[in-house]
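Residue-level structural notes
Listed below, chain by chain, are the residues.
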Amino acid sequence: MDDREIIALFFERSEGAIAELSDKYGPVCSKIAFNILNNEQDAEECVNDAYLGVWNSVPPQNPNPLLSYVCRIVRNLAVKKYHTNTATKRNSIYDVALTELENCFPSSTTADDEFNATETVQIIDNFLETLNQKNRIIFIRRYWYSDSIEDIAKHFNTSSHNISVRLSRTREKLKKHLLKEGVSV
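Now for a quick tour of the structure. As the structure is a computational prediction, the values presented were derived from the model and not from experiment.

What follows concerns the nonpolar core. With 29 residues, the main nonpolar core has Phe10, Leu21, Val54 and Val74 as its most contacted residues. Mapped onto this core, the elements with two or more residues apiece are helix 1 (3–11), helix 2 (16–37), helix 3 (40–57) and helix 4 (66–85). Ranked by residues supplied to this core, first place goes to helix 4 with nine residues. Leave out the neighbours within four places in its chain, and Phe10 touches Ala17, Ile18, Leu21, Val54, Trp55, Val58 and Pro59. Among the nonpolar cores identified, the runner-up in size contains 17 residues, and Ile124, Ile138, Phe139 and Tyr143 belong to it.

Have a look at this one:
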């Protein structure tokens, strides 16, 4: 079933919409949540909460593409759950990915920084468009989907070292791009 048909089921308030959504995108959603949480039960809970979130927001929302919409909800819920679970401890898998990026972004959280967050997002989007497809996919799989370096290496049939080097170079390019655009790092 294609995305338009699934969204039509949501607009009809058919319970089959969630089943179709789960059949089509359940594995991707579960992987995102598990990559962040490193816990099967918490990941499953986030995915189910995401389905409820889609149910409650469609209609009036008419997401296009549906996959990005659902993944964003899953990721946001998983990050929120992650912060709840790790208020006093660290989860090495997700923290490692975030630590890799920490030198690329400002550390202060002033009102001006919050105001400029939207501009920074646009600058990062523009930067990602400058990357070749393979580097862009590697970057997004690591820092949006929280895939491990080993999983990315398997996906591209290359070594973990190759992926690590590509990510390091891309982070350095991102840092330079942000500085060039006036984002203090």
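The next point concerns the packing of aromatic side chains. Tallied over the entire structure, the rule returns two aromatic pairs. The ring centre of Trp55 lies 4.0 Å from the NZ or CZ of Arg13, which sits over that ring. The ring of Trp144 has Arg75 lying over it, and the distance from NZ or CZ to the ring centre is 4.2 Å.

Moving on, we come to the environment of Pro65. Checked against the element boundaries, Pro65 lands in the loop between helix 3 and helix 4. Look at Pro65 and you get partly exposed, because its relative accessible area is 43%. When the C-alpha positions of Pro65 and Asp3 are compared, they lie 7.6 Å apart, and in sequence the two are 62 residues distant.

Omega for the bond connecting Val58 with Pro59 falls within 30 degrees of zero, at -10°, which places this linkage in the cis form. If you trace the backbone, Pro59 turns up in the loop between helix 3 and helix 4. In this structure, the amide linkage connecting Asn64 to the following residue, Pro65, adopts the cis form with an omega of 5°. For Asn38, which is not a glycine, the phi torsion comes out positive at approximately 55°. Secondary-structure assignment places Asn38 in the loop between helix 2 and helix 3. A residue is classified by how much of its surface remains accessible, and Asn38, at 37% relative accessible area, is partly exposed. The phi dihedral of Asn157 is positive, around 55°, even though this residue is not glycine.

With that settled, the discussion passes to the pattern of salt bridges. Taken as a whole and judged by the stated rule, the model has six salt bridges. Linking Asp3 and Lys24 is a salt bridge whose minimum nitrogen-to-oxygen distance equals 3.0 Å. One end of the pair, Asp3, is in helix 1; the other, Lys24, is in helix 2, with 21 residues separating them in the sequence. Notably, a salt bridge pairs Asp151 with Lys31, separated by 3.4 Å at the nearest N-O pair. Taken together, the residues span a long stretch of sequence, with Asp151 in helix 8 (residues 149–155) and Lys31 in helix 2 at a distance of 120 residues. In this structure Lys31 comes out as partly exposed when scored by relative accessible area, which is 34%.

Turning to the packing of helix 1 against helix 2, a few remarks are in order. Put simply, helix 1 and helix 2 touch, their axes get as near as 8 Å, and they point 150° apart. One way to sum up the angle between helix 1 and helix 2 is to call them roughly antiparallel. Both helix 1 and helix 2 take part in a crossing whose hand is left-handed. Residues Asp3, Ile6, Leu9 and Phe10 of helix 1 pack against Gly16, Ala17, Ile18, Glu20, Leu21, Lys24 and Tyr25 of helix 2. A breakdown of the residues in the contact of helix 1 with helix 2 according to their chemical character gives seven nonpolar, one polar and three charged.

Procedures and definitions
Throughout, residues of each chain are indexed from 1 in the direction in which the sequence is written. Local features are withheld for residues below a pLDDT of 70 in this predicted model, meaning they are given only at 70 or higher, and side-chain atom pairs are given and counted only at 80 or more; totals for whole chains, interfaces and linings count all residues. Heavy atoms from the whole structure form the basis of all side-chain values; hydrogens and water molecules are not counted. By nonpolar core is meant a set of buried Ala, Val, Leu, Ile, Met, Phe, Trp, Tyr and Cys residues that side-chain atoms within 4.5 Å join together. We call a residue buried when its accessible area falls under 20% of the maximum for its residue type, exposed when it is over 50%, and partly exposed in between, using a 1.4 Å probe and counting protein chains only. Here a strand is any run of E in DSSP of at least two residues, a helix any run of H or I of at least four, and the numbering for each starts at the N terminus. In what follows, residue pairs with any heavy atoms lying within 4.5 Å of each other are defined as contacts. Two rings belonging to Phe, Tyr or Trp (six-membered ring only in the last case) form a pair when the distance between their centres is within 6.5 Å. Interplanar angles under 30 degrees mark stacking, angles over 60 mark edge-to-face geometry, and anything in between is tilted. Charges are assigned to positions over rings by a cutoff of 6 Å between ring centre and Lys NZ or Arg CZ, combined with an angular limit of 35 degrees from the ring normal. We define a salt bridge as a contact between a side-chain nitrogen of Lys or Arg and a carboxyl oxygen of Asp or Glu at a distance within 4 Å. Here, axes are lines fitted to C-alpha atoms. For helices the fit covers the stretch in contact, and angles between N-to-C directions go from 0 to 180 degrees. An angle below 35 degrees is read as roughly parallel, one above 145 as roughly antiparallel, one from 65 to 115 as roughly perpendicular, and any other as oblique. Two helices cross in a left-handed way if the nearer one is turned anticlockwise from the farther one by less than a right angle. They cross in a right-handed way if the turn is clockwise. Under the convention adopted here, Pro, Cys and the residues Ala, Val, Leu, Ile, Met, Phe, Trp and Tyr are nonpolar, Asp, Glu, Lys and Arg are charged, and Gly plus all remaining residues are polar.

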